[in-house]
Amino acid sequence: MSNKKPGLNAQCGAVRDAFIADLPDDQQNTLMAAGQRLAESDVAANAISVNDIAPEFTLTDAHGHEFQLSEALLHGPIVLSFYRGGWCPFCDLELKALAEREPEIRNLGARLVAVSPALHEKNKAAQSELNLPFPLLFDEGNRVARVYGLVMQVDEAMRPLYLQWGFDIPTLNGDETWELPLPGTFIIDTSGTVRAAFVNKDYTQRMEPSDIISALETISAAKAAQK
């Protein structure tokens, strides 16, 4: 029997299936209907994709340190990951998985940053609890996520359930919009060009860390070939 750890999306799928199985039938139906509406919507139709130039932005991390994309790209590629917040179990799994691979990302000359609309104190708590070696950036009002084409609104039918489950999005984000980013990961080379991208309206699905490593290896190989 293999002791190999399941991939990130396999872990997310197991958590999703267990969570749904424990819900009453009416809540399952509400969740499934909301997911179907999102899948059929035009959300993310204009999301940044491969070969696009990554839009510039400046955000601050949980400790007030400023991160500017163009400045960071002077030092190497950037892995930019948008997540919903530390309250989301799938985001927690993703952040932990990224933390495990962060040394490999760094060894490939790249830097990893994660972005969410969660308030600084929420990011600070998540960073401490998960012992993350990379910054969590506060995207107030989903300003940057909007430019990257990732913003969605929590379905109105889902909002009472979110509150029941302890996910008070307006309080967590400090606004009244019920807006969240779709999961999105962008691998950006030093020219500012997106070389790999992952955007999914199913928020239980994320870019596998192994795919991030592969994209960075491709960037590194292309750079070496130019020398």
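Residues numbered from 1 in each chain as written. Predicted model: local features only at pLDDT ≥ 70, side-chain atom pairs only at ≥ 80, totals over all residues. Heavy atoms only, no water.

Engineer: Even after reading the chapter, I still don't get the pairing of strand β8 (residues 184–188), so can you show me in this structure?
Structural biologist: A regular strand places its side chains on the two faces of the sheet in alternate fashion. A large share of β8 lies buried, amounting to five of its five residues. With burial as the criterion, each face of β8 is covered, one bearing Gly 184, Phe 186 and Ile 188 and the other bearing Thr 185 and Ile 187. Taken together, the five bridges between strand β3 (residues 78–82) and β8 define a ladder with antiparallel strand orientation. Bridged to Leu 80 within β8 is Phe 186. (Buried < 20%, exposed > 50% of the residue type's maximum accessible area, 1.4 Å probe, protein only. Helix = DSSP H or I, 4+ residues; strand = E, 2+ residues; numbered from the N terminus. Pairing = 2+ DSSP bridges.)

Engineer: Sorry if this is basic, but what is going on with the environment of Gly 141 here?
Structural biologist: For Gly 141, the position within the fold is in the loop between β5 (136–138) and α6 (143–147). It is 9.0 Å that separates the C-alpha atoms of Gly 141 and Leu 180, two residues lying 39 residues apart in sequence. Sequence-distant contacts of Gly 141, that is, excluding residues within four places in its chain, are made with Arg 146, Asp 175 and Glu 179. (Contact = heavy atoms within 4.5 Å.)

Engineer: What should I look at first to understand the sheet that holds β5 in this one?
Structural biologist: For sheets, the rule is that strands pair by backbone hydrogen bonds, running either parallel or antiparallel. Pairing is mixed in the open sheet, where seven strands are placed in the order β2-β1-β5-β4-β3-β8-β9. The sheet is open, and its two edges are formed by β2 (66–68) and β9 (194–199), each paired on a single side. Averaged over all pairs of adjacent strands, the angle between strand axes in this sheet comes to 30°, irrespective of strand direction. Strands in contact with helix α4 (residues 89–107) are β3, β4 (111–116), β5 and β8; relative to β4, the strand with the most contacts, it is inclined by about 160°. Of the strands in this sheet, β1 (58–61), β4 and β5 are in contact with helix α5 (residues 120–130), which crosses β5 at around 175°. (Axes fitted to C-alpha atoms, helices over the stretch in contact; angles between N-to-C directions.)

Engineer: Whenever I open this one, the pattern of salt bridges confuses me. Can you help?
Structural biologist: Opposite charge on two side chains lets them pair, provided their charged atoms get close. On inspection of all chains with the given rule, the structure shows eight salt bridges. For Arg 37, the salt bridge goes to Asp 155, with nearest N and O atoms at 2.9 Å. Here Arg 37 is found in helix α2 (residues 25–40), whereas its partner Asp 155 is found in the loop between β6 (151–153) and α7 (159–164), with 118 residues between them in sequence. (Salt bridge = Lys/Arg side-chain N within 4 Å of Asp/Glu carboxyl O.)

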